[in-house]
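Below, each chain spelled out in residue letters.
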Amino acid sequence: MASSNHVTPTNCSWWPISAMDEDGKITDGEECEEPTAEPKPFNKDRLVLYHWTQSFTSQKVRLVINEKGLVCEERDVSLPLQEHKEPWFMRLNLGEEVPVFLHGDTIISDYNQIIDYLEKTFVGDTVAQLIPDADSPLHERVQQYRQLLDGLPMDAYTHGCILHPELTTDSMIPKYATAEIRRHLANAATELMKLDHEEPQLTEPYLSKQKKLMAKILDHDNVNYLKKILGELAMVLDQVEAELEKRKLEYQGQKCELWLCGPEFTLADVCLGALLHRLKFLGLSKKYWEDGSRPNLQSFFVRVQKRYAFRKVLGDIHTTLLSAVLPNAFRMVKKKPPSFFGASFLMGSLGGMGYFAYWFLKKKYM
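Residues numbered from 1 in each chain as written. Predicted model: local features only at pLDDT ≥ 70, side-chain atom pairs only at ≥ 80, totals over all residues. Heavy atoms only, no water.

J.: Lay out the pairing of strand E4 (residues 100-103) in plain terms, naming residues and giving numbers.
T.: By the alternation rule, side chains of E4 split into Val100 and Leu102 and Phe101 and His103, which are all buried. Bridge count for strand E2 (residues 47-51) against E4 is four bridges, and the pairing is antiparallel. The residue bridging Leu47 from the neighbouring strand is His103, located in E4. Hairpin remark: E4 followed by strand E5 (residues 106-108), antiparallel, with two residues in the connecting loop; positive phi at Gly104, about 65 degrees. (Buried < 20%, exposed > 50% of the residue type's maximum accessible area, 1.4 Å probe, protein only. Helix = DSSP H or I, 4+ residues; strand = E, 2+ residues; numbered from the N terminus. Pairing = 2+ DSSP bridges.)

J.: So, the pattern of salt bridges: which residues are in play, and what are the values?
T.: In total, this model carries 17 salt bridges according to the counting rule given. Ionic pairing is found between Asp170 and Lys286, a salt bridge with its closest N-O pair at 2.4 Å. Of this pair, Asp170 sits in the loop between helix H5 (154-163) and helix H6 (176-198) while Lys286 is found in helix H10 (residues 285-288), placing the two residues 116 residues apart along the sequence. Since its relative accessible area comes to 39%, Lys286 is described here as partly exposed. Between Lys228 and Glu232 there is a salt bridge, with its nearest N and O atoms 2.7 Å apart. Of this pair, Lys228 and Glu232 both sit in helix H8 (residues 223-250), four residues apart, roughly one helical turn. (Salt bridge = Lys/Arg side-chain N within 4 Å of Asp/Glu carboxyl O.)

J.: Explain the confidence of the model for the protein chain to me, and be specific about the residues and the numbers.
T.: Averaged over every residue, the pLDDT of the protein chain is 77; the share at 70 or more is 65%. Taken as a whole, residues 1-42 scores under 50 in pLDDT and shows 67 contacts with residues more than four places along the chain or in a different chain. Counting interchain partners and residues more than four positions distant, the pLDDT-below-50 stretch residues 338-366 has 13 contacts. (pLDDT = per-residue confidence, 0-100. Contact = heavy atoms within 4.5 Å.)

J.: Just give me the short version of the packing of aromatic side chains, but keep the residues and values in it.
T.: Under the defined criterion, the tally for this structure stands at five aromatic pairs. Three or more aromatic residues joined by ring pairs make a cluster, and in this case those are Trp259, Phe265, Phe300 and Phe310. The side chain of Lys287 reaches across the aromatic face of Tyr288, ending 5.7 Å from its centre. Over the aromatic face of Phe265 sits the side chain of Arg307, whose NZ or CZ is 3.7 Å from the ring centroid. (Phe/Tyr/Trp six-rings, centres within 6.5 Å; stacked < 30°, edge-to-face > 60°. Lys NZ or Arg CZ within 6 Å of the ring centre and 35° of its normal.)

J.: Please give an account of helix H3 (residues 111-121) that cites residues and values.
T.: The buried count for H3 comes to eight of 11 residues, which makes it a mostly enclosed element. Taken together, the buried positions of H3 are occupied by Tyr111, Gln113, Ile114, Ile115, Asp116, Tyr117, Leu118 and Glu119. For H3, the side-chain oxygen to backbone nitrogen distance between the N-cap and Asn112 is 3.1 Å, and the N-cap itself is Asp110. (Polar contact = N/O pair within 3.5 Å; in protein donor to acceptor, adjacent residues only side chain to side chain.)

J.: Pulling in residues and values, what's your account of unusual backbone geometry?
T.: Peptide bonds are, in most cases, trans, and in most cases residues other than glycine have a negative phi. Each neighbour pair has its own omega, and for Val98 with Pro99 the value is 5 degrees, a cis peptide bond. Structurally, Pro99 can be placed in the loop between helix H2 (87-93) and E4. Positive phi, close to 60 degrees, is recorded for Asp170, a residue that is not glycine. The exposed category is assigned to Asp170, whose relative accessible area is 52%.

See below:
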């Protein structure tokens, strides 16, 4: 595993944990004042994860943490509110994206490094092992499917299906999202340049983000490219379907729950479960398994959704969008409070939407 960034916690206002109210400190950009309460003592065993609820890599890290039964503080960094572009966060992970993991004074901002760190650091009889030991016959198989599934361009699937909904069926993303993401992507480069002028010491990470953004716009909005990678996805799912069939034959007659690599739930199953959940949300499940073409995949998805960690992290597939929108709306009000009338109207509207959404979902799915 590549070396992690090691940072010693300080009382600086930009220290990432201080960006959240519960620590009793101010956020970046406010004037420094004497604290009104004694700051909490630093805990070297404290686990903190900065993530966004709809970030695919963040979801997988959160699934690993919950499958291992670890206690970890979760801090949501909203991408729609562009919190990942704020100076305190850019300093935290040197321009990379969420997730970012903190364990004491260790900061890790790479998805794969976070998972490897969790597996190597937190072990024992009461902690689930998701990657078999190197001398285990299952180790190579788990790592093979980890690399295969992690190599899929999930951001391209996500952005592409939003920008080209005609390629999906029963997508859970509202139609207005297509115009919204085009507007957001168009404005993002301008916002990055503005932040670059305001924080010149962060020039390199800001410009790096801008270049990556423009490359994504060109690729993900190309319908021919999207069709190509969706065709390649079908071949990967064929391979997974065949592997699941092998497990059925291999353990035929034995009373055990079968997963992708064997009777034990592993990191490969975390990767596959998160993938299927995202494809279902994007409106691709009927194309890839709900049409009966891959029955083993369908059975796997039904079983993995029943696991406690998946229910806790991903929740009900039909309420995914609602769970992402409402927290952002309330945080926007907190950052930029409207007038009393506007706030009352907004809260009432949100409450009404939540009420009708609840009854709609109850009637349709319960």
